[in-house]
Amino acid sequence: APWLKPDRNDKNVAPAEMQAYVNTRIDSLQLLYRAGGNLNVLRTLISAGYPVIVEKGVQPDEEKGWMGHYLLLTGYDDGNLRFTSQDSYSGPNVPVGYAELDADWQAFNRMFIVIYPEIDQEAVLSLLGDRADETHSYELALETGRQESIRDPNNAFAWHNLGSSLGYFGEYRSAAAAFDQARAIGLAWRMLWYQTEMYQAYFNVGRYNDVVNLASSTLDTAPNLEESYFWRASARYALGDVDGAIADFRKALEYNANFEDAKQALYEIVPDS
């Protein structure tokens, strides 16, 4: 916890952060995460003895509103069309229906995480099939995003997923257009707590003011999001606001001293920092 979440009130620990921790600090284990999952890949992994973490949306009540949530899946029941989950919010052995899970999972581009003994790597990659390759997993996610945005053009999550997958392939102009569509439909206000691909797309097409405004609005809802400080800093630097960029990079590192991208960016501006 002190490494992954040095700020106890941090709103998000990303899959990449979890991977960096497990793969560099735990001798016997490896962590792999992929976008573009489906129910079959979850069942395949669980059946082989590898519990799966999924990143999904949840709305516990109207007052708290929509938020991101990790859920550990440890079993499944095809007869009743449901998984068995270990839920840090709701408790142990909570059943969740296949359809319900998939609907909530869509909000995170169907990202899944599997942790396994290092000696089992070849077995896990074999179970993943085409999704063993990260690029191919995003190709599958991209196709799903295209299909779902066509089938349900008023689904903001489908457009957001499309933007995220396009951004993975460096198609930032198309990604930005997809994110614009998602925002026009209406995304949950916490979305940028968890997924920052929108910042990346807008930054890479030169929409620096949009990045600054989005990051500022997001930080108004939670002032300890190191990723939002990082992207606001990057956009401020691109706009010529060097002092603002330095302050934001330092703020990102204040909340998470392990944030390597922020360290490197700050060092490039202030080498003796």
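Up top you'll find the structure we're talking about.
Conventions used here
Residues numbered from 1 in each chain as written. Predicted model: local features only at pLDDT ≥ 70, side-chain atom pairs only at ≥ 80, totals over all residues. Heavy atoms only, no water. Phe/Tyr/Trp six-rings, centres within 6.5 Å; stacked < 30°, edge-to-face > 60°. Helix = DSSP H or I, 4+ residues; strand = E, 2+ residues; numbered from the N terminus. Buried < 20%, exposed > 50% of the residue type's maximum accessible area, 1.4 Å probe, protein only. Lys NZ or Arg CZ within 6 Å of the ring centre and 35° of its normal. Arc of directions from axis to C-beta. Polar contact = N/O pair within 3.5 Å; in protein donor to acceptor, adjacent residues only side chain to side chain. Core = buried A, V, L, I, M, F, W, Y, C linked by side-chain atoms within 4.5 Å. Contact = heavy atoms within 4.5 Å. Patch = residues over 30% accessible without salt bridge, like charges linked within 9 Å, V, L, I, M, F, W, Y side chains within 5 Å. Areas by Shrake-Rupley, 256 points an atom, 1.4 Å probe, with all protein chains shown as cover. Salt bridge = Lys/Arg side-chain N within 4 Å of Asp/Glu carboxyl O. Lys, Arg positive; Asp, Glu negative; His and termini not counted. Charge placed at Lys NZ, Arg CZ, Asp CG, Glu CD. Pairing = 2+ DSSP bridges. Axes fitted to C-alpha atoms, helices over the stretch in contact; angles between N-to-C directions.

Chemist: Is there a simple way to think about the packing of aromatic side chains in this case?
Modeler: Each aromatic ring pair is described using two quantities: the centre-to-centre distance and the angle formed by the ring planes. Taken as a whole and assessed by the stated rule, the structure comprises 16 aromatic pairs. Look at Trp 66 and Phe 108: their rings are 5.9 Å apart centre to centre, the planes differ by 15°, and that puts the pair in the stacked class. Of the two residues, Trp 66 sits in the loop between β2 (52–58) and β3 (67–77) while Phe 108 sits in the loop between α3 (98–105) and β6 (112–117), which places them 42 residues apart along the sequence. You'll find Trp 66 and Phe 108 in the same group, each marked buried. On the basis of an interplanar angle of 5° and a centroid distance of 4.0 Å, the ring pair of Tyr 138 and Tyr 168 is categorised as stacked. Highlighted residues: Tyr 138 in helix α5 (residues 134–151) and Tyr 168 in helix α6 (residues 156–168), separated in sequence by 30 residues. Residue Tyr 138 is classed as buried on the basis of its relative accessible area, which comes to 10%. A network of ring pairs unites the aromatic residues Trp 66, Phe 108, Phe 157, Trp 189, Trp 193 and Tyr 194 as a single cluster. The ring of Tyr 202 carries Arg 207 above its face, with NZ or CZ at 4.0 Å from the centroid.

Chemist: Please explain helix α2 (residues 39–47) as it appears in this structure.
Modeler: In an α-helix, one turn spans 3.6 residues, which is why side chains three or four residues apart end up on the same side. Taken as a whole, α2 has its buried residues at Leu 39, Val 41, Leu 42, Leu 45 and Ile 46. Viewed end-on, α2 has its buried residues packed into an arc of 165°, placing them on one side of the element. Measuring from the side-chain oxygen of the N-cap residue of α2 to the backbone nitrogen of Asn 40 gives 3.1 Å; that N-cap residue is Asn 38. Phi turns positive, to about 100°, at Gly 49, one or two residues after α2.

Chemist: Quick question: what am I supposed to make of the nonpolar core here?
Modeler: Looking at soluble globular proteins, one finds that nonpolar side chains tend to be buried together. Core analysis: the largest hydrophobic core is formed by 44 residues, its most contacted members being Tyr 199, Tyr 202, Phe 230, Phe 249 and Ala 262. Secondary-structure elements contributing two or more residues to this core are α6, α7 (172–185), α8 (191–194), α9 (197–204), α10 (208–221), α11 (226–238), α12 (242–255) and α13 (260–269). In terms of residue count, α12 provides more of this core than any other element does, six residues in total. Excluding anything up to four places from it in sequence, Tyr 202 contacts Ala 176, Phe 179, Asp 180, Arg 183, Arg 207, Asp 210, Val 211 and Leu 214.

Chemist: Help me understand the environment of Leu 4 in this model?
Modeler: Position of Leu 4 relative to the elements: it lies in the segment before α1 (15–25). The spatial distance from the C-alpha of Leu 4 to the C-alpha of Glu 17 is 6.7 Å, given a sequence separation of 13 residues.

Chemist: Please clarify how a negative patch on the surface should be interpreted in this entry.
Modeler: A cluster of acidic residues, Asp 130, Asp 133, Glu 134 and Glu 139, forms a negative patch at the surface. Exposure remark for Glu 134: the relative accessible area of 31% places this residue in the partly exposed category.

Chemist: Whenever I open this one, the sheet that holds β2 confuses me. Can you help?
Modeler: The strands that make up a sheet are held in pairs by hydrogen bonds between backbone atoms, and each pair lies either parallel or antiparallel. If you walk across this open sheet you meet the six strands as β1-β6-β2-β3-β4-β5, and the pairing is antiparallel. The two strands at the open ends of the sheet, each matched to only one other strand, are β1 (29–34) and β5 (91–97). The mean inter-strand angle of the sheet, taken between neighbouring strand axes irrespective of direction, is 35°. Pairing geometry for β1 and β6, over six bridges, is antiparallel.

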